[in-house]
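# Fold and contact review
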Amino acid sequence: MYAPALDGEFARDVCAGLQRSPLKTLPCRYFYDDLGSVLFDAITRLPEYGLSRSDARILESSARAMVDALPPDLAVAELGSGTGAKTRLLLEELRRRERVVYYPIDVSEQALQQCAQELGPLGDVYPLRMSYLEGMRAVAGRRAPGQTLLVLFLGSTIGNFESDAAIDFLYAIRTSLEPGDALLLGTDLVKDERLMLAAYDDPTGVTAAFNLNLLGRINRELDADFDLRQFEHHARYRADAQRIEMRLRSKTHQKVTVRGAGLIVDFARGEEILTEVCHKFRPEQICGMARAAGYRLEAQWTDQAWPFAESLLAAV
Ligand SMILES: C[S@@+](CC[C@H](N)C(=O)[O-])C[C@H]1O[C@@H](n2cnc3c(N)ncnc32)[C@H](O)[C@@H]1O
């Protein structure tokens, strides 16, 4: 498995984010160390986190139609595969037609190992421990002549980008594709606000643990002294931006030292760190976003029990 050298990138990002004003931020990709990946897996099993089950239901009922919409000799790449639990549904269908070639791309070693172990028996599985774009370039470089690429971006992870950045990101993915390649994009749809909020603020406290683990990771890897009991998880829905925001709120006035980043940072009582945004979409927005990034909407499958859409986009 390829392992990237992080070269102080974590320290630099933490340093920049915690000095940002008026709102401190931390990039959500750092949630996923070994513990964070296990906690995310637990989140997907929570009764409140309907979007994972909805995504899986669509894949289960429509995998045949998805495979049939694509030409033979396919290589499948997945951005932020995690453990690939839902992907199995698609790969099993593909295996009925041809040998599976699958490149899971993820920054989490723990998740990739589990993915390779569980999906390895389905075909040729090549885990790439890389960031999304680095992984896409690696996959494009390995493409066999005549092969078509299908890129999966499931679980509404696209919602973690700011709106303009989402289009830029899809466009950047497009630059590694050729006309006729495809992107299967999972997006959580706007729904009742209470349902959306509960998915990020479960009563069991798993999402809170996932969020707080980001500070725990900074303690472990950057020799910091965050007192996790002095911060609390907070989720809110901002209707104006159509997004959930996850934040960590300081319960008291406190000073934190991050030795590995050469930083001492003050928190006022009630001050927050923005740790993740999760945009929710309307079906017509998906089409507009795809078009702006160089794709054509080929097909869309939705789930009504928990409104969610799976869109098949063709690179044009
Ligand atoms: C929200 S989880 C989704 C996992 C899975 N696709 C699903 O639908 O359940 C996001 C996944 O993307 C990975 N990830 C986050 N940022 C990443 C980045 N910049 N490059 C590669 N992987 C990333 C995380 O490790 C995690 O496994």
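Everything quoted here is computed from the prediction, not taken from an experiment.

Each helix and strand counted, the protein has ten helices and 13 strands in total. Computed over its C-alpha atoms, the radius of gyration of the protein comes to 20 Å, within 12% of the 20 Å expected for a compact globule of 316 residues. By principal-axis analysis of the C-alpha atoms, the protein measures approximately 60 × 40 × 35 Å. Expressed as a percentage of its 316 residues, the buried residues of the protein come to 44%. Restricting to contacts in the protein with at least 6 residues of sequence separation, those with at least 24 account for 72%.

Right, let's talk about the site of the ligand for a bit. Close contacts around the ligand come from 19 residues, with Arg29, Tyr32, Gly80, Gly82 and Gly155 the closest. In terms of residue class, the shell around the ligand is built from seven nonpolar, nine polar and three charged.

What the domain assignment reports for the protein is domain 1 (9-31 + 209-279) and domain 2 (50-191 + 281-315). Distance from the C-alpha centre of domain 1 to the C-alpha centre of domain 2: 29 Å. Across the contact, seven residues belong to domain 1 and seven residues belong to domain 2. In terms of residue class, the side of domain 1 that touches domain 2 is built from three nonpolar, two polar and two charged.

Taken residue by residue, helix 10 (residues 283-292) has Ile286, Met289 and Ala290 as its buried positions. All buried residues of helix 10 project into a common sector of 100° when viewed along the axis, lining one side. Set apart from the buried face of helix 10 by more than 90 degrees, the exposed residues are Glu284 and Gly288. Buried residues belonging to helix 10 abut helix 7 (163-174), strand 6 (182-188), strand 12 (295-303) and strand 13 (308-315). Immediately beyond the C-terminal end of helix 10, within one or two residues, lies Gly294, with a positive phi of roughly 95°.

Taken in spatial order, the seven strands of this open sheet run 4-3-2-5-6-13-12, and their pairing is mixed. Each edge of the open sheet carries a strand with a single partner, namely strand 4 (123-125) and strand 12. The sheet shows a mean angle of 20° between the axes of neighbouring strands, direction not considered. In this fold helix 3 (residues 50-68) packs onto strand 6, strand 12 and strand 13, with an angle of close to 45° to the strand it touches most, strand 13.

Judged by how many residues are buried, strand 13 sits mostly within the fold: seven of eight residues are covered. When strand 6 meets strand 13, the two strands line up antiparallel, connected through seven bridges. Each residue of the ladder has a partner; that of Ala182, found in strand 13, is Ala314. Where strand 12 meets strand 13, eight bridges bridge the pair, whose relative direction is antiparallel. Paired with Tyr295 across the two strands is Ala315, which belongs to strand 13. The hairpin turn running from strand 12 into strand 13, its antiparallel successor, is four residues long.

Next up on the list: helix 2 (residues 34-44). What helix 2 keeps buried is the set Gly36, Ser37, Leu39 and Phe40. Down the axis of helix 2, the buried set is contained in an arc of 160°. They therefore lie on one face. Taken together, the buried residues of helix 2 touch helix 5 (109-119) and helix 9 (206-222).

What counts, and where the lines are drawn
Residues numbered from 1 in each chain as written. Predicted model: local features only at pLDDT ≥ 70, side-chain atom pairs only at ≥ 80, totals over all residues. Helix = DSSP H or I, 4+ residues; strand = E, 2+ residues; numbered from the N terminus. Rg over C-alpha atoms; globule rule 2.2 N^0.38 Å. Buried ≥ 20, exposed ≤ 12 C-beta atoms within 10 Å, placed from the backbone. Contact = placed C-beta atoms within 7 Å. Near = placed C-beta within 6 Å. Nonpolar A, V, L, I, M, F, W, Y, C, P; charged D, E, K, R; others polar. Domains from an automatic or database assignment. Arc of directions from axis to C-beta. Pairing = 2+ DSSP bridges. Axes fitted to C-alpha atoms, helices over the stretch in contact; angles between N-to-C directions.

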